[in-house]
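The primary structure of each chain is shown beneath.
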Amino acid sequence: MNSMDRPITLHQPKRLEVGVGTAAQLGAWAADAKRPFVIAGGPTAQYVERLCLPGDIRVYAEAPPEPDLPAFEAVLEAARAHRPDLIVGLGGGSVLDVAKLTAALWDGEQSVRDVVGPNKVAGRRTPLAQVASTAGTGSEAGIRALLTDPETKSKLAVESPFLLADIAILDPELTYSVPPAVTAATGIDALAHCVEAFTNIRAHDLIDGYARLGIGLIGRYLGRAVENGNDAEARAGMMLASYYGGICLGPVNTAAGHALAYPLGTRLDLPHGLANAIIFPHVLAFNQPVAAEKTGEIMAALGLSAETPEAVHSAAHQFCAGLGVEMRLEAHGADEADLRLWAEEAHAIRRLMDNNPRDMSVDDVHAIYRSAF
C-alpha cells in the first residue's frame, strides 16, 4: 500500500495561538475558570502572570525536567487537593506531558500504569491548556506523554486522544531566556522528530509535509535563535517547527534515534533534547543507505551537502557541534563499560526501533554509542 493510500488519523489541539504576546490570550479563553491549576517547571513559573488567568490559581512549580513516577504522583496529589476546573501546562515537554496526564487522571480511578500504551485512558473531564516555553518536543501538539519508571529506568509511554490540549499557545517571548546551549539541543530534538518521522517505515505523505516544513524552519532559524535569544522571528520559527515535529509524532512517531537517546536520559540524567542531539548525526548517517533521497532533502534544508553515510555523519555532527552542543558521551560522564548494556536497552524499545527504515542490531547500536563516546 502506498503512503498516500494508507489510513491515517491526525489529532491536533482544538485551538492554536501563535505569536508574540499570545500567552495573554489564555485568560480570555479561560474566562469561566474558577480554580486553575498551573504546572510549571521552576523558572517558567515567572510567566504565570502573563497568562492573565482568573480565579483561585494554584501554581505547582516543582515539576522536574525529566519526571519519574514519584514526581508525577506528587503533582497528582497537589491537583487533587486543589480540585481544579482547568489544568495548564507551562514549560518544556516534560512539564506539558505531566499536565496531560494530570488532566486525565486527577479525578478518576486509573493510575499511570493502568494507561501505559495506546488508547487506555478512560476519558478526561478537565479542560487542558498547554503553553510551551521551549522549542523542542512539540508536546503541546500531541497525544503522547512519557514518564520514567524509577525501577527499570525505562520510559512509560501513554498515548490517547484524551491527552490532546483544548488550546495550545506558542508565544516566542516565553523562550527568550532559554540559554543558547539549551536552545540548540531542544532545536535539534525538534529536528529529530521531523527527520525520524520523515524517514520512518510508517511515513505518510501528509506527515511528510509537516516534516518538510519543520526541517526547513530549523535550517533557517535555529542558528539565529542560538546566536540571539531575543530574535523574535527566529524564536517564533523554532516554536512552529517544534509544533510541526509534535504533529509528526502522533500518526508516525520517531524511530531508532529516540530509542538510542532514551538510555542516555535515564542512565546519565541527560536532558531529552541533549540526548537526541548527540545521537542525531549517527542515526541519520546509519539510515542514509536506505533513505538516500530523503536524507538528501534533509541535508539541503539544513544548508549541508553530503552524499555518503560518512559525509552525512561528518556534516551533521559539525552542524550540531557548531551550535555549541557537546557531542561526546565521555564529557557527560558516560563510562565506556556501560555502553553495551545501554545498547541492549535501546534495542529493546521495539515501539520505536521497529519504525526505523534500516534494521539495527544490538551491535549496531553499540557501535554508534562507541562512536559517540
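In this text the structure is predicted, and so the values were computed from the model without any measurement.

K.L.:
Just checking my understanding: could you explain the overall build of the protein for this structure?
P.N.:
Along the backbone of the protein there are 14 helices and nine strands. For 373 residues, the compact-globule formula gives about 21 Å, and the C-alpha radius of gyration of the protein, at 19 Å, lands near that figure. Overall size of the protein, expressed as C-alpha extent along the three principal axes, is 60 × 45 × 40 Å. Sorting the 373 residues of the protein into buried and exposed places 57% on the buried side. In the protein, the share of contacts with a sequence separation of at least 24, taken over all contacts with a separation of at least 6, comes to 75%. Of the roughly 14400 Å² of accessible surface on the protein, a fraction of 51% belongs to carbon and sulfur atoms.

K.L.:
What is the right way to look at the sheet that holds strand S7 (residues 144-149) in this model?
P.N.:
Pairing between the strands of a sheet comes from backbone hydrogen bonds, and it takes one of two forms, parallel or antiparallel. Reading across from one edge, S5-S8-S7 is the order of the three strands in this open sheet, with mixed pairing throughout. Two strands bound the open sheet, and with one partner strand each, they are strand S5 (117-118) and S7. By the bridge criterion, two bridges tie S5 to strand S8 (residues 154-159) in an arrangement that is parallel. Residue Gly 117 lies in a different strand from S8, and its bridge partner there is Val 158.

K.L.:
I would appreciate a short explanation of the nonpolar core in the present structure.
P.N.:
Proteins that are soluble and globular tend to have nonpolar side chains buried together. Core analysis: the largest hydrophobic core is formed by 81 residues, its most contacted members being Leu 260, Phe 280, Leu 329, Met 360 and Tyr 369. If we skip the residues at most four places from it in the chain, Tyr 369 touches Leu 260, Pro 263, Leu 264, Ile 279, Leu 329, Leu 339, Trp 342, Ala 343 and Ala 346. Of all hydrophobic cores here, the second largest spans 28 residues; its members include Ile 39, Leu 128, Leu 147 and Leu 163.

K.L.:
Is there a simple way to think about the pattern of salt bridges in this case?
P.N.:
Close approach of charged atoms allows side chains with opposite charge to pair. Applying the stated criterion to the full structure yields 19 salt bridges. For Arg 15, the salt bridge identified is with Glu 17, shortest N-O distance 2.6 Å. Its relative accessible area of 31% is what places Arg 15 among the partly exposed residues. A network of salt bridges, in which partner residues are shared, links Lys 14, Arg 124 and Asp 166.

About the cut-offs
Residues numbered from 1 in each chain as written. Predicted model: local features only at pLDDT ≥ 70, side-chain atom pairs only at ≥ 80, totals over all residues. Heavy atoms only, no water. Helix = DSSP H or I, 4+ residues; strand = E, 2+ residues; numbered from the N terminus. Rg over C-alpha atoms; globule rule 2.2 N^0.38 Å. Buried < 20%, exposed > 50% of the residue type's maximum accessible area, 1.4 Å probe, protein only. Contact = heavy atoms within 4.5 Å. Areas by Shrake-Rupley, 256 points an atom, 1.4 Å probe, with all protein chains shown as cover. Pairing = 2+ DSSP bridges. Core = buried A, V, L, I, M, F, W, Y, C linked by side-chain atoms within 4.5 Å. Salt bridge = Lys/Arg side-chain N within 4 Å of Asp/Glu carboxyl O.

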